[in-house]
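Next come the chains, spelled out residue by residue.
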Amino acid sequence: MSDAYRAHFRVWRGDQDGGDLRDFEVEVHEGEVVLDIVHRLQATQAPDLAVRWNCKAGKCGSCSAEINGRPRLMCMTRMSVFTREETVTVTPLRAFPVVRDLVTDVGFNYTKARQVPAFVPPAELAPGEYRMTQEDVDRSQEFRKCIECFLCQDTCHVVRDHEENKPAFAGPRFLMRVAELDMHPLDAAEASGLDRKTTAQDEHGLGYCNITKCCTEVCPEGIKITDNALIPLKERAADRKYDPVVWLGNKIRRRSSS
Ligand code: SF4
Ligand code: SF4
Ligand code: FES
């Protein structure tokens with residue numbers, strides 16, 4: 001016996017000039033995810049519906065959207081988490097400008113990515129001579145699981161409803177990148193004159209983050225963004241500010257420049 005049923009979907013349609021929610025009844029089969037239903041909607045009722053996706057396996061980070069108001073991957077959201085009577089509302093990511101329907105322009109994130117200086121290799125070691133403890137490898141590997149879905153960036157209240165904060169705030173994904181590099185035992189940024197702790201505060205807006213952990217809650221890779229990246233980075237930046245050697249150095253610099 002077929003276990004198919006018809007679900008009530010409400011999907012946002014429109015572009016940068018505006019749009020609205022449209023209602024559809026779409027067939028659902030056992031084991032399907034929201035992306036399957038959006039594809040069926042395209043195939044049967046809305047052939048021009050714009051949606052971005054690639055892997056359908058939770059690995060490319062393309063199919064990010066908001067499902068019943070929560071930032072999620074469409075390909076990893078099973079229909080079985082909703083009751084059959086429930087209306088499933090699918091809207092584009094709210095923090096980024098709409099291109100069309102469910103597709104947003106996530107260029108903000110690429111701009112922020114370019115603003116984080118890359119790993120600085122240690123001058124005294126050649127590639128192949130690098131040695132790290134397993135603990136340091138594990139820390140980096142957790143952050144490297146990021147699939148760049150930008151759900152954390154979308155959910156963060158600092159930019160979600162505050163377009164004006166975007167120039168000054170890199171967002172959790174890129175503050176995590178700064179944290180990863182700052183905690184990397186082989187990163188020679190400081191020796192080359194780049195203080196990542198200071199730039200985290202002054203250029204990437206670490207101070208805007210009030211560790212609400214909303215970014216961590218939506219991360220499909222289960223990365224503990226707040227506990228393992230943002231809070232340690234804040235602690236390191238604070239240590240740096242109150243480090244007596246740094247304090248004395250700043251004081252001497254201020255005197256000699258006056
Ligand atoms: S913990 Fe910080 S970065 Fe994450 S959502 Fe909250 S304010 Fe944004
Ligand atoms: S940290 Fe998690 S939520 Fe943020 S972009 Fe990476 S995978 Fe997505
Ligand atoms: S389609 Fe690749 S993460 Fe959903």
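Located above this text is the structure these notes cover.
Just so it is clear, the model here is predicted, and its values are computed rather than measured.

### Side note on the overall build of the protein chain
Per the secondary structure count, the protein chain includes 10 helices and 7 strands. When its C-alpha atoms are laid out on the principal axes, the protein chain stretches across 80 × 40 × 25 Å. Taken across its 258 residues, the protein chain has 32% of its residues classed as buried. Partitioning the contacts of the protein chain with sequence separation of at least 6, the portion at a separation of at least 24 is 64%.

### Structural notes on the site of ligand 2
Around ligand 2, a shell composed of 14 residues is seen, among which Cys146, Cys149, Leu151, Cys152 and Cys219 lie nearest. In terms of residue class, the shell around ligand 2 is made up of 11 nonpolar, no polar and 3 charged.

### Quick look at the site of ligand 1
In the neighbourhood of ligand 1, the contacting residues comprise Cys156, Val158, Pro172, Cys209, Asn210, Ile211, Thr212, Lys213, Cys214, Cys215, Thr226 and Leu230. Breaking the shell around ligand 1 down by element, the ones donating at least two residues are α8 (214-218) and α9 (225-242). Looking at the shell around ligand 1, its residues break down into 8 nonpolar, 3 polar and 1 charged.

### Quick word on the pairing of strand β3 (residues 64-67)
Alignment of β3 against strand β4 (residues 70-73), held across 4 bridges, turns out to be antiparallel. For Glu66, the partnering residue across the bridge sits in β4 and is Pro71. Where β3 hands over to β4, the hairpin turn is made up of 2 residues, of which Asn68 adopts a positive phi near 50°. Here 2 bridges tie β3 to strand β5 (residues 87-91), and the two strands are oriented antiparallel to one another. In the strand pairing of β5, Glu66 is matched with Thr91.

### Things to note about the pairing of strand β2 (residues 18-28)
Sheet topology note: the strand β1 (residues 5-15)/β2 ladder contains 11 bridges and is antiparallel. Residue pairing in the sheet places Arg13 in a bridge with Asp20 of β2. Between β1 and β2, which follow one another and run antiparallel, lie 2 residues.

### A closer look at the nonpolar core
Judged by nonpolar contacts, the single largest core of 52 residues is most densely connected at Leu175 and Leu233. Per-element accounting of this core gives the leading share, 6 residues, to helix α6 (residues 172-182). Taken together, domain 1 (5-104) and domain 2 (107-257) each give at least three residues to this core, which thus spans both.

Reading guide: rules and limits
Residues numbered from 1 in each chain as written. Chains lettered and ligands numbered in written order. Predicted model: local features only at pLDDT ≥ 70, side-chain atom pairs only at ≥ 80, totals over all residues. Helix = DSSP H or I, 4+ residues; strand = E, 2+ residues; numbered from the N terminus. Buried ≥ 20, exposed ≤ 12 C-beta atoms within 10 Å, placed from the backbone. Contact = placed C-beta atoms within 7 Å. Near = placed C-beta within 6 Å. Nonpolar A, V, L, I, M, F, W, Y, C, P; charged D, E, K, R; others polar. Pairing = 2+ DSSP bridges. Core = buried A, V, L, I, M, F, W, Y, C linked by C-beta atoms within 7 Å. Domains from an automatic or database assignment.

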